[in-house]
Amino acid sequence: MSKEAIINKIISDAELKAAAMVGEAKAKAESTIADANAVCDAYRANSKKETDGLVMDIDSRAQTVAELDSKKVLLSAKAQIIDKVFERVLDKIKELDKDTYLKLLLGMLENAEDGDVITVSEREKKILTEKAVEDFAKKKGIKLTLSKTTGDFDGGMILSSNGIDKNLTFDVEVSLLREEIEMQIAKELFG
């Protein structure tokens, strides 16, 4: 074989080998690109799923917060209505005619004990007279005294004896009544 034939054979074999290597490299590059595209597609799909989940979670939280806020507003409005109801109760008590008002005060005096001093507001001073207190005390068989000074409250009375006060003012009595029946009133008003 001639020198030229050997050189041609070497070049031919090298070209075949180079073509095979290029083909193999192209196939490997295409495979790598396909794998990268698959990873990107999976990442894109997973990211969309996570994003959709986050959006749904944020939306759900916002809806929950909105529902809680609306419940707070509704509860506040209901509380204001109940406050108004009890304010009206106090107003109605203060608007009672003189005889009914006196009966109410005498009913409160049922809590009096022997030796109590009765303090009333300026309004009651005109209704619960010393004579009415004397008559009540005589019926009950106890000694009661109507204080010469009036209390700094708006309705009801305070019974005092031996440094102990029984606060029977209308504000306190209505407040205690409210504690007892507020739930019942709320049910009747709001179902």
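Note that the coordinates shown come from a computational prediction; the quantities given were computed from them, not determined experimentally. (Residues numbered from 1 in each chain as written. Predicted model: local features only at pLDDT ≥ 70, side-chain atom pairs only at ≥ 80, totals over all residues. Heavy atoms only, no water.)

Novice: Please clarify how the overall build of the protein should be interpreted in this entry.
Specialist: Regarding its fold elements, the protein presents 5 helices and 4 strands. Counting from the amino terminus, helix and strand elements in the protein follow one another as α-α-β-α-α-β-β-β-α. The globule rule puts the C-alpha radius of gyration for 191 residues at 16 Å, and the 47 Å found for the protein is more than 25% above it. For the C-alpha atoms alone, the extent of the protein along its principal axes is close to 155 × 35 × 25 Å. Evaluated residue by residue, the protein yields a buried proportion of 20% over its 191 residues. A total of about 14,100 Å² of accessible surface is found on the protein, and carbon and sulfur atoms cover 59% of it. Charge centroids of the protein, computed over 30 positive and 37 negative side chains, lie 1 Å from each other. (Helix = DSSP H or I, 4+ residues; strand = E, 2+ residues; numbered from the N terminus. Rg over C-alpha atoms; globule rule 2.2 N^0.38 Å. Buried < 20%, exposed > 50% of the residue type's maximum accessible area, 1.4 Å probe, protein only. Areas by Shrake-Rupley, 256 points an atom, 1.4 Å probe, with all protein chains shown as cover. Lys, Arg positive; Asp, Glu negative; His and termini not counted. Charge placed at Lys NZ, Arg CZ, Asp CG, Glu CD.)

Novice: Teacher, can you tell me more about the pattern of salt bridges here?
Specialist: Oppositely charged side chains can form a pair if their charged atoms are brought close together. Applying the stated criterion across every chain yields a total of 12 salt bridges. Measuring nitrogen to oxygen at the nearest pair gives 2.7 Å for the salt bridge that ties D154 to R123. Taken as a pair, D154 in the loop between strand 2 (145-146) and strand 3 (156-161) and R123 in helix 3 (residues 122-125) lie far apart in primary sequence, 31 residues in all. The exposure class assigned to R123 is partly exposed, which follows from its relative accessible area of 28%. Via salt bridges that share partners, D83, R178 and E182 belong to a single interconnected network. (Salt bridge = Lys/Arg side-chain N within 4 Å of Asp/Glu carboxyl O.)

Novice: What is the right way to look at the packing of aromatic side chains in this model?
Specialist: The geometry of two aromatic rings is summed up by the distance between their centres and the angle between their planes. Counted according to the given criterion, the structure contains 1 aromatic pair. An angle of 80° between the planes, with centres 5.8 Å apart, marks the rings of Y101 and F170 as edge-to-face. Taken as a pair, Y101 in helix 2 (residues 98-108) and F170 in helix 5 (residues 170-190) lie far apart in primary sequence, 69 residues in all. Considered together, Y101 and F170 belong to a single accessibility category, that of buried residues. (Phe/Tyr/Trp six-rings, centres within 6.5 Å; stacked < 30°, edge-to-face > 60°.)

Novice: Can you help me understand the pairing of strand 1 (residues 117-120) in this one?
Specialist: Each regular strand shows side chains that alternate between the opposite faces of the sheet. Here strand 1 pairs with strand 2 via 2 bridges, running parallel. For V117, the partnering residue across the bridge sits in strand 2 and is T145. Here strand 1 runs beside strand 3; their pairing, made up of 4 bridges, is antiparallel. From the neighbouring strand, I118 faces strand 3, where its bridge partner is L159. (Pairing = 2+ DSSP bridges.)

The quantities given are spatial measurements derived from coordinates; they are silent on function.
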